[in-house]
Each structure stands twice: as C-alpha cells, then as structure tokens.
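Chain residues, written in single-letter form:
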Amino acid sequence: MAQLIDGKAVAARVRAEVKAEVEKLKAERGLVPGLTVVRVGEDPASKIYVNGKKKAAEEVGFNSWELHPDDKITQDELLSLVDKLNKDPAVHGVLVQLPLPKHIDAERIISAVRPEKDVDGFHPMNAGLLSAGKPAPRPCTPFGIMRLLREIGCDPSGKRAVVVGRSNIVGKPMALMLLAADATVTVCHRKSNLPAEVANADILVAAAGVPELIQGEWIKPGAVVIDVGMNRMPDGKLKGDVEFDKAKERASFITPVPGGVGPMTIAMLMRNTLEAAKASR
Ligand code: GUN
C-alpha cells in the first residue's frame with residue numbers, strides 16, 4: 001500500500017521558508033518582493049487560481065497586486081501594460097494568468113514579460129535556459145514536483161522516469177528537470193504505447209489532463225506516482241489522471257488529487273518571485 005505524498009503540508013513548508021527569507025531580505029536590504037498578477041476577463045477557474053496566488057503572496061509578506069482588465073482589452077493595450085510592469089522596480093514578478101481571450105496571442109504576451117520577471121518560467125528564453133541546464137525561473141508545477149520527490153527521499157539519478165503529457169507548462173519542463181537530475185526520461189503522448197511505457201517507470205508523472213488515463217495495473221510495483229491531473233467531473237469532484245484506488249495498491253508513494261501536486265504550484269511561484277527579487281539589485 002502506497003504512502004500518500006502530502007502536497008499541502010510540503011507547500012506550507014515551502015511558504016514558511018520563503019516567508020523567513022522575506023523577513024531577512026526586508027531587514028538586511030530593505031527589499032520587499034513584489035508580485036503582480038494580470039487576470040484578463042472573467043474565467044471562473046482563473047479567478048480561483050489568482051485568489052490563491054494573492055493569498056499566498058500576502059501570507060509570505062510580499063507586496064501583491066492584481067490587475068484585472070476586462071476581456072475587451074486589445075493585444076496592444078495588454079502589451080503596454082506588461083511593459084509598464086517590466087519597468088516598475090517594485091514589481092519583481094509579473095504573471096499573466098492563462099488562458100487569455102481568443103483575440104490575444106498568448107505567446108506574444110508571454111514573450112513580452114522581461115525574462116527576469118517571468119516567475120511562471122514560460123518565457124522562451126527561460127525555456128531555453130532550462131533546456132541548456134542553466135539557472136532560470138522554472139515552471140512552477142514541475143519545479144514543485146522536484147521538491148516533492150526530494151521530500152520523500154526519491155533521488156531520480158539512475159531511475160527510469162516516464163512523463164505522460166508534453167505541454168510547455170508541465171510535461172516538457174518536467175522531462176528536462178528529471179533529465180538534469182540524471183534520470184533516464186521517456187515522454188509519452190497520444191501516439192505512445194502507454195501500458196508498455198508506464199510499466200517501466202520507477203517515477204511516473206501523469207500530466208495528460210485525461211481522467212484516470214493511467215490504469216493502476218500498468219504501474220510498476222514500488223513506483224513513485226505523481227498525478228498532475230485536475231479533471232473536474234460532472235458531479236463537481238476532482239479526478240486525477242491516474243486510477244488512484246488501484247494505483248495505490250502498487251505504488252510506493254502516490255500524490256492524491258486534490259492535495260498532492262496542486263498546492264505546490266503556488267508555493268513554487270512564491271519561491272520564484274523571491275528569487276527574482278533577490279536578483280533584482
Ligand atoms: N493557468 C493555469 N495555470 C497557470 C499557471 O501556472 N500560470 C499562468 N500564468 N496561468 C495559468
């Protein structure tokens with residue numbers, strides 16, 4: 001029977017670490033990290049996520065601002081807003097919440113954020129630095145998963161890691177971080193033979209966004225299973241990408257949904273913002 005990985009508890013610890021460093025930064029350098037979140041329009045999920053980010057930012061002692069233009073904002077107007085934040089010395093982290101309305105080219109906006117303030121780690125320059133194995137702000141969800149692995153004493157070095165999903169936000173950066181930690185990494189997608197690949201995984205990261213895509217019986221006995229899925233079911237409940245009840249019979253460690261990976265994303269955003277502030281002057 002697998003041990004549950006308590007992401008809520010680890011995330012609280014990360015926030016406490018950040019808070020302690022913020023106090024030091026204030027005392028020693030008179031520097032208060034500042035995070036601005038831009039939320040365009042009225043996506044209900046975005047509102048919940050952004051509220052979580054603001055709450056965490058206040059809790060760790062950051063200055064935090066939310067800008068909330070309506071969905072009529074033009075791409076040029078949004079670009080000039082980002083430019084203003086880029087130039088504002090009190091703002092160390094700029095996060096434009098996704099998704100953006102259809103008339104706005106999200107890639108253009110992400111690329112307009114100064115790489116040093118890109119606390120999401122989504123800017124092409126930061127993606128490039130990560131792939132080159134160089135320090136840079138890292139996408140928060142995979143960064144949080146690396147922390148969870150550390151917390152359970154799982155060193156990826158020499159292990160077979162299988163990442164299911166190849167998004168720019170989770171799958172691809174996850175594969176690069178595991179590779180940098182000396183895992184042998186396989187990235188799976190729609191055309192992969194999932195049961196065969198999953199059976200080899202010492203570390204499995206499921207980030208496909210398909211409820212219960214990964215069957216419990218595919219999982220290698222003793223594997224560490226990290227479930228990034230947050231699939232809202234018709235009954236309102238959240239389901240992961242892994243068939244949890246069967247997977248926990250085989251895994252050594254497994255993240256629950258909710259309460260596993262989810263809370264780590266915001267915690268690592270706090271870490272990225274703190275690091276951006278520390279590097280700012
Ligand atoms: N939308 C869903 N998750 C995220 C995230 O981590 N960052 C941003 N900017 N938008 C999101």
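None of these values were measured; they are calculated from a predicted model.

K.L.:
So what's going on with the UniProt feature "domain: Tetrahydrofolate dehydrogenase/cyclohydrolase NAD(P)-binding" (unreviewed entry) in the protein chain? Residues and values would help.
P.N.:
This chain's UniProt record puts "domain: Tetrahydrofolate dehydrogenase/cyclohydrolase NAD(P)-binding" (unreviewed entry) on residues 139-279. Between the end C-alpha atoms of residues 139-279 there is a gap of 18 Å, over a span that is 36% helix and 17% strand.

K.L.:
For the domain arrangement of the protein chain, give the residues involved together with the corresponding values.
P.N.:
According to the domain assignment, the protein chain contains domain 1 (30-115) and domain 2 (140-262). Relative to domain 2, the C-alpha centre of domain 1 lies at a distance of 29 Å.

K.L.:
So what's going on with the site of the ligand? Which residues, and what values?
P.N.:
Lining the immediate environment of the ligand, one finds Y49, L95, V96, Q97, L98, D120, C140 and T265. Looking at the shell around the ligand residue by residue, the class counts come to five nonpolar, two polar and one charged.

K.L.:
Report on the environment of A16, specifying residues and quantitative values.
P.N.:
Its place among the elements puts A16 in helix α1 (residues 7-29). Remark: the alpha-carbon pair of A16 and A223, spanning 207 residues in sequence, is separated by 30 Å.

K.L.:
Now, about helix α2 (residues 44-59): what can you tell me, with residues and values included?
P.N.:
Residues spaced three or four apart along an α-helix point in a common direction, a consequence of the helix completing one turn every 3.6 residues. Here α2 contains 16 residues, and its C-alpha end-to-end distance of 23 Å stays within 8% of the 22 Å for a straight helix at 1.5 Å per residue. For α2, the set of buried residues is K53, A56 and A57. Seen end-on, α2 carries its buried residues on one side only, within an arc spanning 100°. For α2, the exposed residues lying more than 90 degrees away from the buried face are P44, I48, K55 and E58.

K.L.:
Could you give an account of the sheet that holds strand β3 (residues 63-67), with specific residues and numbers?
P.N.:
The strand order across the open sheet formed by three strands is β3-β2-β4, and the pairing between neighbours is parallel. At either margin of the open sheet sits one strand with a lone partner, and together these are β3 and β4 (93-96). Across the sheet, the mean angle from the axis of one strand to that of its neighbour is 15°, orientation sign disregarded. Note: strand β2 (residues 34-38) against β4, four bridges, orientation parallel. The residue of β4 that forms the bridge with T36 is V94. Each of β2 and β3 is contacted by α2, which is oriented at about 160° to β3, the strand it contacts most.

K.L.:
Give me the sheet that holds strand β1 (residues 3-4): which residues, what numbers.
P.N.:
On the basis of which strands lie adjacent, the open sheet formed by six strands has the order β1-β11-β8-β7-β5-β6 and parallel pairing. Only two strands of the sheet have a single partner each, and these edge strands are β1 and β6 (184-188). The sheet contact formed by strand β5 (residues 160-164) and strand β7 (residues 203-206) spans four bridges and is parallel. Bridge assignment links V163 to a residue of β7, and that residue is V205.

K.L.:
Tell me about the packing of helix α6 (residues 140-151) against helix α7 (residues 171-180), and please be specific about residues and values.
P.N.:
Their axes nearest at 8 Å, the elements α6 and α7 cross at an angle of 35°. The hand of the α6/α7 crossing is right-handed. Facing α6, whose interface residues are P142, I145 and M146, α7 presents P173, M174 and M177. Here the contact of α6 with α7 is built from residues that sort into six nonpolar, no polar and no charged.

Procedures and definitions
- Along every chain, residues carry numbers that run from 1 in the direction the sequence is written.
- At least 70 in pLDDT is required for a residue's local features to be given in this predicted model, at least 80 for side-chain atom pairs to be given and counted, and no such filter applies to totals for whole chains, interfaces and linings, which use all residues.
- UniProt positions are given in the numbering used here, feature names are shortened, and annotations may be inferred rather than shown by experiment.
- Working definition: helices are DSSP H or I runs of at least four residues, strands are E runs of at least two. Numbering for both runs from the N terminus.
- The domain boundaries here were taken from an automatic or database domain assignment.
- We count a residue as near a molecule or strand when its backbone-placed C-beta atom lies within 6 Å of that partner.
- Residues are grouped as follows: nonpolar covers Ala, Val, Leu, Ile, Met, Phe, Trp, Tyr, Cys and Pro; charged covers Asp, Glu, Lys and Arg; every other residue, Gly included, is treated as polar.
- Expected helix span is computed as 1.5 Å times (number of residues minus one).
- With C-beta atoms placed from the backbone, a residue counts as buried when 20 or more other C-beta atoms lie within 10 Å of its own, as exposed when 12 or fewer do, and as partly exposed for counts between those limits.
- In this description, one arc is meant: the one made by directions from the helix axis to the C-beta atoms.
- Pairing between two strands is assigned when DSSP locates at least 2 bridges connecting them.
- Orientation is described by axes fitted as lines to C-alpha atoms, over the contacting stretch for helices, and by angles from 0 to 180 degrees between their N-to-C directions.
- Throughout, a pair of residues is in contact if the C-beta atoms placed from their backbones lie within 7 Å.
- Throughout, a crossing is termed right-handed when the near helix is turned clockwise from the far one, and left-handed when it is turned anticlockwise from it by less than a right angle.

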